[in-house]
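Below are the chains, spelled out letter by letter.
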Amino acid sequence: MSHPGVCRMCAGSVREFFDFGRQPLSDAFREPDDPRAEFFYRLAVGRCETCTMVQLLEEVPRERMFHQDYPYLSSGSTVMRAHFEGVAERFLSTELTGPDPFIVEVGCNDGVMLESIAKAGVRHLGVEPSGGTADLAAAKGVQVRKVFFEEATALDILRDHGRADVIYMANTFCHIPYVESVFRGVSALLTDGGVFVFEDPYLGDIVERVSFDQIYDEHFYYFTALSVRRMAHRFGFELVDVEPLPTHGGEIRYTLTRAGARTPSPAVDRLLERERETGLAEPETLLRLAAGVERIRDELTGLLRGLREQGKRVVGYGATAKSATVTNYCGIGPDLVEFVCDTSPTKQGRLTPGAHLPVRPPEAFAAPYPDYALLFAWNHADEIMAKERAFREAGGKWILYVPEVRVL
Ligand code: SAH
Ligand code: TYD
Ligand code: ZN
């Protein structure tokens, strides 16, 4: 166990509860002949003893993760596309009904949400530092700035467009260690009655499902209602609503307003109470999570080695960022998993970070089917298993590893 870290939210002391060791960047897919050395950092996670915020102990410089070639494409899942159309519809019918409303989305990626806002003719702006994905958003008619959101960005937007009724972030706020600058920016940019809404993986689901693969470089924070409420208070905001979401294996959508602007929904107190009852933010709970991680590693590597000895073919499904933690922490290389199939053109033909599993298009899956498919994109299980029904019909088996190692 190393020295305590310093909380990026409140400057309290962060006590480590798990160390995954040296890890590559989870979205750094490599060309097979790339001669450059891979970048590694220490992936360790801890809890702030003052504010309870669970966070990484080491921060990767943002430009190393989010750049022109950032490969994650939000539109890759039908379910997620429908989810974000729903988000847009809801904002359009609730928060964006004034005379000339304006919404800012931070981390808009390929425009999966803002496309619907643009089609409705509503003033909007996406903020997206990953240039390749921002270009895809622009091609859909979305207004986008290729910059990182922080206080200075918010002031620029304010000067050019005026205040925003909604500031929205999906799977992005937890990527941003520098929360004080973000809150100053939100505070400057948001209208008095406006909402700051963000949805991110929920620590409660990570603990319940032992979904340790949610822990990687880009996910700096692992929010709870308690830690988010503390953060809101610290920066003059109030947590007024929490909404559990099924996306990405269990998330919460948090709605913040300026302090006193709206009456908090009873759902906030209910969730805080449940977190207290289950001891979600308690060190014992996190140590239990740590023990679960080691158990899953041992069971999964045991299963894969056994299958290799029996001469079975195993292929990975979904070259997720999450899988970087699984493959590198468990030592799963091409000797155990032949390749990974993935629909993202940005990942195909490359090697997964660290573990160097080749990424192939989904057509490679059926040519011919492997005996087993390790479902790295387990959060899209329904969508993928429905699409690949023929695999099961042909005798193929799925391997899942959260909340426990199972063969289906
Ligand atoms: N909102 C999308 C994308 C999530 S991936 C979805 O839910 O599917 C996270 C995105 O946040 C990436 O596209 C990344 O480039 C972007 N990002 C990271 N840091 C950012 C920052 N400081 N400001 C704006 N976007 C950021
Ligand atoms: P996802 O689990 O959304 O995120 P993360 O990278 O943050 O862990 O990634 C899903 C990956 O799986 C993405 O690279 C696209 C791929 N995918 C498929 O190959 N086929 C599919 O049917 C779906 C839904 C996703
Ligand atoms: Zn803290």
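Note: the structure precedes this text.
As the structure is a computational prediction, the values presented were derived from the model and not from experiment.

Each value, and the rule that gives it
Residues numbered from 1 in each chain as written. Chains lettered and ligands numbered in written order. Predicted model: local features only at pLDDT ≥ 70, side-chain atom pairs only at ≥ 80, totals over all residues. Heavy atoms only, no water. Near = heavy atom within 4 Å. Polar contact = N/O pair within 3.5 Å; in protein donor to acceptor, adjacent residues only side chain to side chain. Nonpolar A, V, L, I, M, F, W, Y, C, P; charged D, E, K, R; others polar. Areas by Shrake-Rupley, 256 points an atom, 1.4 Å probe, with all protein chains shown as cover. Helix = DSSP H or I, 4+ residues; strand = E, 2+ residues; numbered from the N terminus. Phe/Tyr/Trp six-rings, centres within 6.5 Å; stacked < 30°, edge-to-face > 60°. Buried < 20%, exposed > 50% of the residue type's maximum accessible area, 1.4 Å probe, protein only. Lys NZ or Arg CZ within 6 Å of the ring centre and 35° of its normal. 1 Å grid on protein atoms, 1.4 Å probe; cavity = no way out; pocket = protein on both sides within 12 Å on 5 of 7 lines; lining within 4 Å. Points joined across faces, edges and corners; volume = space filled by probe spheres on them. Pairing = 2+ DSSP bridges. Contact = heavy atoms within 4.5 Å. Axes fitted to C-alpha atoms, helices over the stretch in contact; angles between N-to-C directions. Donors = N, O, S within 2.8 Å, 3.2 Å for Na, K, Ca; no water.

(A) Up close: the site of ligand 1. In the region of ligand 1, 21 residues are neighbours, and Ser74, Glu128, Ser130, Phe149 and Asn171 sit closest. For ligand 1, an oxygen atom lies 2.5 Å from a polar atom in the side chain of Glu128. Contact between ligand 1 and Asn171: an oxygen atom at 2.8 Å from a side-chain N or O atom of the residue. When its residues are assigned to classes, the shell around ligand 1 shows 12 nonpolar, 7 polar and 2 charged.

(B) How the structure looks around the site of ligand 2. Neighbouring residues of ligand 2: 20 residues in total, closest Ala321, Lys322, Asp342, Lys347 and Lys387. At 3.0 Å, a side-chain N or O of Tyr72 approaches an oxygen atom of ligand 2. Here an oxygen atom of ligand 2 sits 2.7 Å away from a polar atom, N or O, in the main chain of Ala321. Contact with the protein chains covers 95% of the free accessible surface of ligand 2, which is 560 Å². Examining the composition of the shell around ligand 2, we find that 3 residues originate from one element, helix H12 (residues 381–387), more than from any other.

(C) Here's a closer look at the packing of aromatic side chains. Taken as a whole and assessed by the stated rule, the structure comprises 28 aromatic pairs. Note on Phe66 and Tyr70: the rings are 5.3 Å apart at their centroids and 65 degrees apart in plane angle, and the pair reads as edge-to-face. Looking at Phe66, the relative accessible area reads 12%, which means it is buried. Its relative accessible area of 9% is what places Tyr70 among the buried residues. Their ring planes at 75 degrees and their centres at 5.3 Å tell us that Phe91 and Tyr168 sit as a pair that is edge-to-face. One end of the pair, Phe91, is in helix H2 (residues 78–93); the other, Tyr168, is in strand S8 (residues 164–170), and 77 residues separate them in sequence. On the basis of relative accessibility, which here comes to 8%, the residue Phe91 falls in the buried class. Connected via pairs of aromatic rings, a cluster forms that spans Phe173, Phe183, Phe196, Phe198, Phe220, Tyr221, Phe223, Phe235, Phe237 and Tyr254. Between Arg62 and the ring centre of Phe148, over which it is positioned, the NZ or CZ distance is 4.2 Å.

(D) A look at the layout of surface pockets. Taken as a whole, the largest pocket holds about 500 Å³ of empty space. What lines the largest pocket is a set of 18 residues, among which Ala28, Phe29, Arg30, Asp34 and Arg36 lie closest to the centre. Residues belonging to the lining of the largest pocket are distributed by class as follows: 7 nonpolar, 1 polar and 10 charged. For the second largest pocket, the lining is made up of 18 residues, of which Pro246, Trp378, Asn379, His380 and Ala381 are closest to its centre. Residue classes in the lining of the second largest pocket are distributed as 8 nonpolar, 6 polar and 4 charged.

(E) Representation of the sheet that holds strand S2 (residues 13–24) in the model. Within the open sheet, the 5 strands sit side by side as S1-S2-S3-S4-S10. Their pairing is antiparallel. This sheet does not close on itself; its edge strands, each paired only once, are strand S1 (5–6) and strand S10 (221–222). Across 3 bridges, strand S3 (residues 40–48) lies against strand S4 (residues 54–56) in antiparallel orientation. Pairing of Gly46 across the sheet is with Gln55, part of S4. Of the strands in this sheet, S2 and S3 are in contact with helix H11 (residues 322–330), which crosses S2 at around 80 degrees.

(F) Geometry of the environment of Val240. Structurally, Val240 can be placed in strand S11 (residues 237–245). Given the relative accessible area of 5%, Val240 is considered buried. A C-alpha to C-alpha distance of 19 Å links Val240 and Gly204, two positions 36 residues apart in sequence. The residues contacting Val240, other than those within four sequence positions of it, are Thr255, Thr257, Arg262, Thr263, Pro264, Ser265 and Val268.

(G) Focus on the coordination of the zinc ion (ligand 3). Protein coordination at the zinc ion (ligand 3): the donors are Cys7 (SG), Cys10 (SG), Cys48 (SG) and Cys51 (SG), at 2.2 to 2.4 Å from the metal. The sequence pattern formed by the donor residues of the zinc ion (ligand 3) is C-x2-C-x37-C-x2-C. Accessibility expressed as a relative area gives 0% for Cys48, which makes it buried.

(H) View of the sheet that holds strand S16 (residues 372–375). Strand order in this open sheet of 6 strands is S15-S14-S13-S16-S17-S18, and the pairing throughout is mixed. Pairing within the sheet leaves two strands with one partner each, and these edge strands are strand S15 (359–360) and strand S18 (406–407). Its contacts with the sheet place helix H10 (residues 283–309) against strand S13 (314–317), S16, strand S17 (397–400) and S18, and it is angled at close to 150 degrees to S17.

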